[in-house]
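# Structural overview for review
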Number of protein chains: 2
Amino acid sequence: MVKTEFSPIADTTRRAGIVALLRRAILTGQLEPGQKLNELRISEQMRVSRAPLREAMRELVQEGILTSIPYAGTFVINVTAKDIDDAYSLNKVLDEFAIERTWKQRDQRFFEELDRRHEAVKQATRDRDTTRQIETALQLHGLIHEWADNSVLLETWQRLTSRLQMYFALHQQARKEAVPAEDIHETYVALLKGDDMRAAQRHAREHIDLDFEELLAHARGLERRPLKGA
Amino acid sequence: MVKTEFSPIADTTRRAGIVALLRRAILTGQLEPGQKLNELRISEQMRVSRAPLREAMRELVQEGILTSIPYAGTFVINVTAKDIDDAYSLNKVLDEFAIERTWKQRDQRFFEELDRRHEAVKQATRDRDTTRQIETALQLHGLIHEWADNSVLLETWQRLTSRLQMYFALHQQARKEAVPAEDIHETYVALLKGDDMRAAQRHAREHIDLDFEELLAHARGLERRPLKGA
DNA sequence: GACAATCAGATTGTCGACAATCTAACAAGA
DNA sequence: TCTTGTTAGATTGTCGACAATCTGATTGTC
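All residue numbers refer to position in the chain's written sequence, counted from 1. Written order determines the labels here, with chains lettered from A and ligands numbered from 1. Per-residue local features are limited, in this predicted model, to residues with pLDDT of at least 70; the limit for side-chain atom pairs, both in listing and counting, is 80 or more; totals at the level of whole chains, interfaces and linings are taken over all residues. As a convention, hydrogens and water are excluded, and side-chain values are obtained from all of the structure's heavy atoms.

Within chain A, the secondary structure is distributed over 9 helices and 3 strands. Secondary structure is summarised from DSSP: a helix means a run of H or I of at least four residues, a strand means a run of E of at least two, and numbering begins at the N terminus for each. The linear arrangement of helices and strands in chain A, starting from the amino end, is α-β-α-α-β-β-α-α-α-α-α-α. Residue contacts follow a heavy-atom distance rule, with two residues in contact if any of their heavy atoms lie within 4.5 Å. For chain A, restricting intrachain contacts to residue pairs at least 6 apart in sequence, the fraction spanning at least 24 positions comes to 76%. All accessibility values rest on the Shrake-Rupley procedure with a 1.4 Å probe; residue burial counts only the protein chains present in the view. For chain A, the accessible area works out to roughly 12,100 Å², and carbon and sulfur atoms hold 51% of it.

Facing 32 residues of chain B, the contacting portion of chain A comprises 32 residues. Of the roughly 2,900 Å² buried where chain B meets chain A, counting both sides, 52% is carbon and sulfur surface. Between Lys or Arg on one side and Asp or Glu on the other, a salt bridge is scored when a side-chain nitrogen of the former is within 4 Å of a carboxyl oxygen of the latter. Seen at the junction of chain B and chain A, the total is 12 salt bridges. Ionic pairing is found between Arg159 of chain A and Glu155 of chain B, a salt bridge with its closest N-O pair at 2.6 Å. Under the rule applied, a polar contact is a pair of N or O atoms within 3.5 Å (in protein, one hydrogen donor and one hydrogen acceptor; residues adjacent in sequence only if both atoms are side-chain atoms). On inspection of chain B and its partner chain A, the count reaches 16 residue pairs in polar contact (both at pLDDT 80 or more). Taken together, the elements giving at least two residues each to the side of chain B that touches chain A come down to α3 (50-63), α4 (81-103) and α7 (151-175) of chain B. A simple way to read buried area is as the amount of 1.4 Å-probe accessible surface that goes missing from two parts once joined, with both sides added.

The full set close to DNA strand C counts 20 residues, and Asn38, Arg50 and Arg54 of chain A together with Arg14 and Ser49 of chain B are the nearest of them. Any residue with a non-hydrogen atom lying within 4 Å of a molecule or strand is treated as near it. Here the atoms of DNA strand C within 4 Å of the protein split so that 75% fall in sugar or phosphate, with bases taking the remainder. Interatomic distance of 3.2 Å between a side-chain N/O atom of Asn38 of chain A and a phosphate oxygen of DNA strand C. Taking Arg14 of chain B, its main chain carries an N or O atom lying 2.4 Å from a phosphate oxygen of DNA strand C. Secondary-structure elements contributing two or more residues to the surface near DNA strand C are β1 (36-37) and α3 (50-63) of chain A together with α1 (14-27) and α3 of chain B. Ten residue types, Ala, Val, Leu, Ile, Met, Phe, Trp, Tyr, Cys and Pro, are classed as nonpolar, four, Asp, Glu, Lys and Arg, as charged, and the remainder, Gly among them, as polar. For the surface near DNA strand C, the per-class residue count stands at 8 nonpolar, 4 polar and 8 charged.

Where charged atoms of side chains with opposite charge meet at close range, the side chains can pair. This structure, assessed with the given rule, holds 40 salt bridges over all chains. The closest approach of N and O atoms between Arg163 of chain B and Glu155 of chain A, which form a salt bridge, is 3.0 Å. Here the residue Arg163 of chain B occupies a position in helix α7, and Glu155 of chain A occupies one in helix α7 (residues 151-175), the pair thus bridging two chains. Each residue's exposure class comes from its accessible area (1.4 Å probe, protein chains only) as a fraction of the maximum for that residue type: buried when under 20%, exposed when over 50%, partly exposed otherwise. Since its relative accessible area comes to 8%, Arg163 of chain B is described here as buried. Its salt-bridge partner being Glu39 of chain B, residue Arg50 of chain B comes within 2.9 Å of it at the nearest N-O pair. Separated by 11 residues along the polypeptide, Arg50 of chain B in helix α3 and Glu39 of chain B in helix α2 (residues 39-46) bring together distant segments of the chain. A relative accessible area of 15% means that Glu39 of chain B is categorised as buried.

This part is about the pairing of strand β3 (residues 73-76) of chain B. All names here are of chain B. Neither face of β3 is exposed, since Gly73 and Phe75 on one face and Thr74 and Val76 on the opposite face are all buried. Bridging between strand β1 (residues 36-37) and β3 involves 2 bridges; their strand directions are antiparallel. Bridged to Lys36 within β3 is Phe75. Pairing of strand β2 (residues 66-69) with β3, which is carried by 4 bridges, proceeds in the antiparallel orientation. In the sheet register, Thr67 faces β3, and the bridge partner there is Phe75. In this structure, the hairpin formed by β2 and β3 is closed by a connection of 3 residues, where Tyr71 is found at a positive phi of approximately 65 degrees. Any two strands between which DSSP finds at least two bridges are classified as paired.

To continue, consider the environment of Glu155 of chain B. According to the relative accessible area criterion, Glu155 of chain B is partly exposed, its value standing at 24%. Between the C-alpha atoms of Glu155 of chain B and His145 of chain B, which are 10 residues apart in sequence, the distance is 9.0 Å. In this structure, Glu155 of chain B is in contact with Arg159 and Arg163 of chain A, ignoring residues within four places of it in sequence. Among the polar contacts listed, one links the side chain of Glu155 of chain B to the side chain of Arg163 of chain A, at a separation of 3.0 Å.

Alignment of copies: least-squares fit on C-alpha atoms of residues with pLDDT of at least 70 in both copies. Mapping chain B onto chain A calls for a screw motion: a turn of 180 degrees about the axis and a shift of 0.0 Å along it, with 0.1 Å RMSD after fitting. On this basis, the relationship between the two copies can be described by a two-fold rotation axis. Taken together, the interface assignments show that 100% of the residues at the interface of chain B recur at the interface of chain A, consistent with an identical surface on both copies.

Moving on: the protein's contact with DNA strand D. Around DNA strand D there are 20 residues in total, and Arg14 and Ser49 of chain A together with Arg50, Arg54 and Tyr71 of chain B lie nearest to it. Of what DNA strand D places within 4 Å of the protein, 75% of the atoms are sugar or phosphate. For DNA strand D, a phosphate oxygen lies 2.5 Å from a polar atom in the backbone of Arg14 of chain A. Within the contact set of DNA strand D, a phosphate oxygen lies 3.5 Å away from a side-chain nitrogen or oxygen of Arg58 of chain B. Secondary structure elements with two or more residues in the surface near DNA strand D: α1 (14-27) and α3 of chain A together with β1 and α3 of chain B. Considered class by class, the residues forming the surface near DNA strand D number 8 nonpolar, 4 polar and 8 charged.

In this section: the nonpolar core. Here, the term nonpolar core denotes a set of buried Ala, Val, Leu, Ile, Met, Phe, Trp, Tyr and Cys residues that are joined through side-chain atoms within 4.5 Å. Membership of the largest hydrophobic core comes to 107 residues, with the highest contact counts inside it found for Met166 of chain A together with Met166 of chain B. When near neighbours in sequence (up to four residues on either side) are disregarded, Met166 of chain A contacts Ile26, Leu27, Pro33, Ile65, Val76, Ile77 and Val79 of chain A.

That is the geometry; function is a separate question.
Written out as structure tokens, the structure reads:
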């Protein structure tokens with residue numbers, strides 16, 4: 001008998017679809033930080049009622065990429081330099097922890113997945129598709145968190161990721177040019193395959209440092225940027 | 001002129017009130033793990049419509065203490081021994097990070113707040129109010145995370161806290177007796193006031209160890225406990 | 001001119017009713 | 001007996017309308 005594989009069913013509820021749509025719009029920078037989300041307008045554009053839209057927005061508020069003020073509105077969060085710095089320093093700690101937890105459990109499947117994700121980054125880089133490049137790079141980094149077999153860690157990292165992706169998108173959009181074309185993940189992948197855990201941890205720290213330094217500098221320049229009104 | 005103190009305004013929106021009510025019910029163990037939340041029944045009991053109730057539930061789902069299955073229902077999360085273990089090990093990492101970040105910023109206000117919260121724990125212990133004892137102990141531990149001046153860390157810790165509180169409540173409810181009466185936080189507080197950061201970090205690890213070991217043992221005993229139906 | 005009161009418009013919060021889906025029980029057929 | 005189809009009841013998901021609140025513009029008063 002042939003083993004058949006099924007792809008997951010498309011979103012079962014409108015709410016889930018809306019969440020996915022909104023999240024994507026926010027993370028790709030389509031919706032700008034500080035921008036207000038008008039419920040009526042969005043619900044009309046999406047051809048849904050406000051009920052599932054509002055529920056979707058509540059989810060994204062808890063996810064940390066929207067913020068809500070009663071009777072005033074729901075807004076895309078504003079990204080301050082401090083936010084980036086906070087996320088960045090916590091991310092270092094989490095990465096170190098994830099590598100430690102993952103280390104013993106690395107197996108063939110892990111290495112294969114590592115290569116697959118690395119390849120995806122390289123493909124996006126070749127295509128000059130910066131949005132996808134950000135997505136894939138974060139997925140590559142996420143592997144150690146998925147593999148660490150700690151649900152709370154994974155959840156936490158995913159929350160962080162949302163923000164990081166937002167920051168990167170904002171950053172990239174602002175300079176209007178591609179992220180460095182040369183692949184900076186080569187060493188990272190190699191170390192994850194190697195035998196020196198400490199070295200891998202150290203590199204994760206420094207590598208992320210590089211990505212962030214530039215980002216931070218840019219973010220500080222944007223500080224106190226005026227909001228987009230409704 | 002007399003300095004007047006105002007109590008916080010009652011929740012501006014029904015949704016917020018519902019969230020607070022539900023959260024409390026869950027964290028105190030009033031709603032058991034695995035239990036299904038019937039929207040119609042709850043909305044009637046609270047005298048509100050299902051709309052704000054559903055929005056509140058979405059928030060708690062994202063907060064991680066409820067879980068939702070489309071068209072099936074929303075349930076209080078089930079607490080497995082592994083969940084506790086995961087939360088516990090991540091908490092160690094976060095505590096260490098928080099202490100490091102807080103250390104340089106300790107000042108008079110910090111020490112005062114530390115004493116205040118410590119006193120609250122002792123008071124709850126004297127009163128044999130176990131629920132409050134859990135609450136205050138977690139608030140004591142939360143101080144370093146609040147002081148670390150890292151919003152993402154604080155947010156993460158608060159999410160962890162919800163679960164820990166649930167675990168503790170479950171644990172405490174099951175044994176039907178008070179948490180150890182003698183105060184185990186004395187050393188912790190003293191070390192946070194001292195000069196040896198490493199020692200404080202080490203103690204945080206081991207102290208939490210103590211709290212958790214017992215909890216873990218108990219949780220493993222509950223594994224695969226049957227769910228409560230609707 | 002400065003300030004408070006008032007009001008209209010827009011937007012968010014809440015409600016009750018209807019539609020879609022699930023579950024469990026039962027019947028029909030191989 | 002096992003499987004499949006059907007159905008009724010309960011529950012969740014969605015909708016359109018109404019109520020509460022905010023914003024700002026306007027008016028009136030000093």
